[in-house]
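Chain residues, written in single-letter form:
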Amino acid sequence: MISTPLMYLRSQHATEQREARATIAAYANHIQTLSLRNAELEAENATLREALGQGGTVASLPVTR
């Protein structure tokens, strides 16, 4: 089969679409992971606030960067 410029453009477009879908899927996975971790941190924070409200002791930790 003889390759034409139009066939090349269609093939290039299909490749770009596959790459875009893969990028979207990767971002969706990252968002899901971050959302789950955020929910875990919120739950942990609520537990700590409850303990503090009941007279628990709180120790300051050094700031790390």
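Keep in mind the model is a prediction, meaning the values are calculated, not measured.

Helices and strands together make up the secondary structure of the protein, namely one helix and zero strands. For the protein, whose C-alpha radius of gyration is 25 Å, the value lies well above the compact-globule estimate of 11 Å for 65 residues. Structurally, the protein occupies a C-alpha span of about 80 × 25 × 10 Å along its principal axes. Taken as two groups, the 6 positive and 6 negative side-chain charges of the protein have centres that lie 10 Å from each other.

Quick look at the pattern of salt bridges now. Enumeration according to the criterion identifies one salt bridge in this entry. With its nearest N and O atoms 3.2 Å apart, the salt bridge here joins arginine 37 to glutamate 40. One end of the pair is arginine 37 and the other is glutamate 40, both in helix H1 (residues 5–53) and three residues apart, which spans about a single turn. Arginine 37 sits in the partly exposed class, given a relative accessible area of 41%. A residue is classified by how much of its surface remains accessible, and glutamate 40, at 47% relative accessible area, is partly exposed.

Below, the discussion takes up H1. Owing to its 3.6 residues per turn, the α-helix brings residues three or four apart onto one side. Taking 1.5 Å per residue, 49 residues should reach 72 Å; H1 reaches 71 Å between its end C-alpha atoms and fits that length. At the exit of H1 stands glycine 55, carrying a positive phi of roughly 90 degrees.

By secondary structure assignment, the location of alanine 26 is in helix H1. Overall, alanine 26 belongs to the partly exposed group, its relative accessible area being 33%. Put simply, alanine 26 and arginine 49 are 23 residues apart on the chain and 34 Å apart in space, counted from C-alpha to C-alpha.

What counts as what
- Residues numbered from 1 in each chain as written.
- Predicted model: local features only at pLDDT ≥ 70, side-chain atom pairs only at ≥ 80, totals over all residues.
- Heavy atoms only, no water.
- Helix = DSSP H or I, 4+ residues; strand = E, 2+ residues; numbered from the N terminus.
- Rg over C-alpha atoms; globule rule 2.2 N^0.38 Å.
- Lys, Arg positive; Asp, Glu negative; His and termini not counted.
- Charge placed at Lys NZ, Arg CZ, Asp CG, Glu CD.
- Salt bridge = Lys/Arg side-chain N within 4 Å of Asp/Glu carboxyl O.
- Buried < 20%, exposed > 50% of the residue type's maximum accessible area, 1.4 Å probe, protein only.
- Expected span 1.5 Å × (residues − 1).

Purely geometric numbers; function is a separate question.
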